[in-house]
Amino acid sequence: MESLSLSQARRVALAAQGLHRARRPGNPPTMRHVQGVIDRLGLLQIDSVNVLARAHLLPVFSRLGAYDTALLDRAAGRAPRRVVETWAHVASFVPPETYPLLEWRRRAFLSQAWGVIAGVPLDHTAEVDEVRRLVAERGPVSAAQIHDWFAENGRGHQRSREEWGWNWTVAKRVLEFLFFTGEVTSARRNAAFERLYDLPQRVLPPHVLAAPPVPDDVALRTLVEIGARAHGIGTARCFKDYFRLRGNAADRAVAELVEDGVLLPVQVAGWDERTYLHRDARVPRRADGQALLAPFDPLVFERTRLERLFGTLYRIEIYVPEPKRVHGYYVLPFLEDERITARVDLKADRQAGVLRVQSAHREPWATPATSARLAAELREMAGWLGLEDVVVAGRGELAAELSGHARATD
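Identification of the chain as Winged helix DNA-binding domain-containing protein from Antribacter soli is taken from an unreviewed UniProt entry.

What follows is the structure in structure tokens.
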């Protein structure tokens, strides 16, 4: 069994994610570069929080620097689509070729979907048939448009305040059920980031529609390998979590990949859990990149792995009451070379035209260069977001030093 130091394991993980090298200045990133990030990561998580930028946009910035977000909008919203929406890690953009690998999940909605969605066929039978017809006739269409149609025809429904998704209309619940099962899909997002639902045959690329069904065991094995390749190194739990796989079938997929030599058992210094290296992973001699990592970046998906690799205990505090937050609302770890050296709570104040650093905290592995490098990264992010300045608040032990470097770059 091969043995790796913790430093080597970190460099494997960063190389697998495309975060081990400093971004080279030059021409603006093109669709080819964006496609390269999509291919490497295998998915981009979607989240509606927009205090900084939409969740799926940030991992691409972390790897490419300032890029035109219209490239990703085009990749998702115009033929030939380079990404499509489905339930993967959670709601995610995935390459079209991955879509058929998740058919088993769409089919198994009773066990795979959360309660408010799984119960739709019984709770709203008539509405399901009606929404199917409306999408076929009028798609692409938003949930608000379907809701308005119900109201105009004397079939208005009150919003439910039960369970997760408490403020969803019946129209939204039905559409999300049909989206989960694959009867409808997302043609694109509108300016308010609402899904515009349409029939798959009008959205998915022809080669995906024509592809034969993928046996469940083959699909699970392929999904585990995508997660393993994107991680480079990790445990079975890490690889399965990438697409939120669970159960005996997922465990068998891992075992088959080990048996076939796709996953290689390794020993990482200080780790006491069975660990695997993807056979295509490589160990760079050094890592010299830097990046702000979004709360939904694939590198930080699996919190236990993040803590073991980097010594960073990271929790998203969006849903924590403000007085109980330790680091802030929307906190991004700062990757410097092969360590996480700081974390900053960021907000894009579009009205004032500034990127606000609500707090800045130093990690134990901060270096004398951390503040200057972080300030440069914040400056680049501000420019990418169309903001004119970086304003650092006084909270956090790194704030004063960071503020000085931010001013020095004005």
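Asker: Quick question: what am I supposed to make of the overall build of the chain here?
Answerer: Along the chain, the regular secondary structure elements total 18 helices and 14 strands. Expected size for 410 residues packed as a compact globule is a radius of gyration near 22 Å; at 22 Å, the chain falls within 12% of this value. Burial statistics for the chain: of 410 residues in total, 54% are counted as buried. Taking all contacts inside the chain whose residues are at least 6 apart in sequence as the whole, residues at least 24 apart take part in 67%. Total accessible area on the chain stands at roughly 18400 Å², and carbon and sulfur atoms take up 50% of it. Counting 56 positive and 51 negative side-chain charges, the chain places the averaged centre of each group 2 Å from the other.

Asker: How do you make sense of the pairing of strand β8 (residues 263–268) when you look at a structure like this?
Answerer: Both faces of the sheet carry side chains from a regular strand, because those side chains alternate between them. Pairing between strand β1 (residues 2–4) and β8: three bridges, direction parallel. Bridge pairing in β8 places E2 opposite V266. Count of turn residues in the β8/strand β9 (residues 275–278) antiparallel hairpin: six residues, of which G270 carries a positive phi of about 90°.

Asker: Hey, could you run me through unusual backbone geometry in this one?
Answerer: A negative phi angle is the norm for most residues apart from glycine, just as the trans form is the norm for most peptide bonds. Residues A79 and P80 are joined by a peptide bond in cis, for which omega reads -5°. Omega for the peptide link from G139 to P140 comes to 0°, which places this bond in the cis form. Phi is positive for F193, which is not a glycine, with a value near 65°. With respect to the helices and strands, the residue F193 is situated in the loop between β5 (185–189) and β6 (195–198). With relative accessibility at 12%, the residue F193 sits in the buried group.

Asker: Before we go on, may I ask you to explain the nonpolar core in this structure?
Answerer: Among soluble globular proteins, nonpolar side chains are generally buried collectively. Grouped together as the largest cluster of nonpolar side chains are 109 residues, with contacts concentrated most on L52, L346 and M381. A total of eight residues in this core trace back to one element, the largest contributor, which is helix α11 (residues 170–181). Excluding anything up to four places from it in sequence, L346 contacts V51, L52, L292, Y330, L332, L355, R356, V357, L378 and M381. By size, the runner-up hydrophobic cluster in this structure holds 23 residues, among which are L277, A291, L299 and L306.

Asker: Explain the pairing of strand β11 (residues 331–336) here, please?
Answerer: Burial analysis of β11 places six of its six residues in the buried class, the great majority of the element. Alternating positions in β11 separate into two faces, V331, P333 and L335 on one and L332, F334 and E336 on the other, with burial throughout. Pairing of β11 with strand β12 (residues 339–349) involves six bridges; the strand directions are antiparallel. If you follow P333 over to β12, its bridge partner there is R343. Count of turn residues in the β11/β12 antiparallel hairpin: two residues, of which D337 carries a positive phi of about 60°.

Asker: Just checking my understanding: could you explain the packing of helix α13 (residues 216–231) against helix α15 (residues 248–259) for this structure?
Answerer: Helix-helix packing is described using two parameters, namely the angle between the two axes and the distance between the axes. Contact geometry for α13 and α15: axes closest at 9 Å, N-to-C directions at 65°. It follows that α13 is roughly perpendicular to α15 by the angle criterion. You can see that α13 and α15 cross each other, and the crossing is right-handed. Listed contacts from α15 to L220, R221, V224 and E225 of α13 are A249, A250, A253, V254, E256 and L257. When grouped by side-chain class, the residues that make up the contact of α13 with α15 number seven nonpolar, no polar and three charged.

Asker: I would appreciate a short explanation of the packing of aromatic side chains in the present structure.
Answerer: Any aromatic ring pair is given by two values, namely how distant the centres are and how the planes are angled relative to each other. If you walk through the whole model with that rule in mind, you get seven aromatic pairs. Taking the centre distance of 4.6 Å and the plane angle of 15° together, the rings of F61 and W384 count as stacked. Here W384 lies in helix α17 (residues 370–384) and F61 lies in helix α3 (residues 58–64), a separation of 323 residues in the sequence. Taking relative accessible area as the criterion, W384 reaches 12% and is therefore assigned buried. Considering the side-chain rings of W87 and F180, the 6.1 Å spacing of their centres and the 40° angle between planes classify their relative orientation as tilted. Placement of the pair is W87 in strand β3 (residues 84–87) and F180 in helix α11, with a sequence separation of 93 residues.

Asker: Could you clarify how one ought to interpret the sheet that holds strand β2 (residues 44–45) in this entry?
Answerer: Backbone hydrogen bonds hold the strands of a sheet together, and the pairing may be parallel or antiparallel. One open sheet accounts for three strands, arranged β2-β4-β3; its pairing is antiparallel. Edge strands, defined here as strands with exactly one partner in the open sheet, are β2 and β3. Here β3 pairs with strand β4 (residues 91–94) via four bridges, running antiparallel. Residue pairing for β4: E85 is matched across the bridge by F93.

Asker: What's the story with the pattern of salt bridges in this structure? I'm lost.
Answerer: Charged atoms that come close allow side chains of opposite charge to pair. Taken as a whole, this structure holds 33 salt bridges when the rule is applied. Put simply, D251 and K240 hold a salt bridge, and the shortest N to O gap is 2.6 Å. Here D251, found in helix α15, pairs with K240, found in helix α14 (residues 236–241); they are eleven residues apart in sequence, far enough to count as distant. Taking the relative accessible area as the measure of exposure, K240 reaches 15% and is therefore buried. With its nearest N and O atoms 3.5 Å apart, the salt bridge here joins R373 to E336. Separated by 37 residues along the polypeptide, R373 in helix α17 and E336 in strand β11 bring together distant segments of the chain. Note on E336: relative accessible area 3%, which makes it buried. Via salt bridges that share partners, E85, K172, E176, R189 and R195 belong to a single interconnected network.

Rules and cut-offs
- Residues numbered from 1 in each chain as written.
- Predicted model: local features only at pLDDT ≥ 70, side-chain atom pairs only at ≥ 80, totals over all residues.
- Heavy atoms only, no water.
- Helix = DSSP H or I, 4+ residues; strand = E, 2+ residues; numbered from the N terminus.
- Rg over C-alpha atoms; globule rule 2.2 N^0.38 Å.
- Buried < 20%, exposed > 50% of the residue type's maximum accessible area, 1.4 Å probe, protein only.
- Contact = heavy atoms within 4.5 Å.
- Areas by Shrake-Rupley, 256 points an atom, 1.4 Å probe, with all protein chains shown as cover.
- Lys, Arg positive; Asp, Glu negative; His and termini not counted.
- Charge placed at Lys NZ, Arg CZ, Asp CG, Glu CD.
- Pairing = 2+ DSSP bridges.
- Core = buried A, V, L, I, M, F, W, Y, C linked by side-chain atoms within 4.5 Å.
- Axes fitted to C-alpha atoms, helices over the stretch in contact; angles between N-to-C directions.
- Parallel < 35°, antiparallel > 145°, perpendicular 65-115°, else oblique.
- Left-handed = near helix turned anticlockwise from the far one by under 90°.
- Nonpolar A, V, L, I, M, F, W, Y, C, P; charged D, E, K, R; others polar.
- Phe/Tyr/Trp six-rings, centres within 6.5 Å; stacked < 30°, edge-to-face > 60°.
- Salt bridge = Lys/Arg side-chain N within 4 Å of Asp/Glu carboxyl O.

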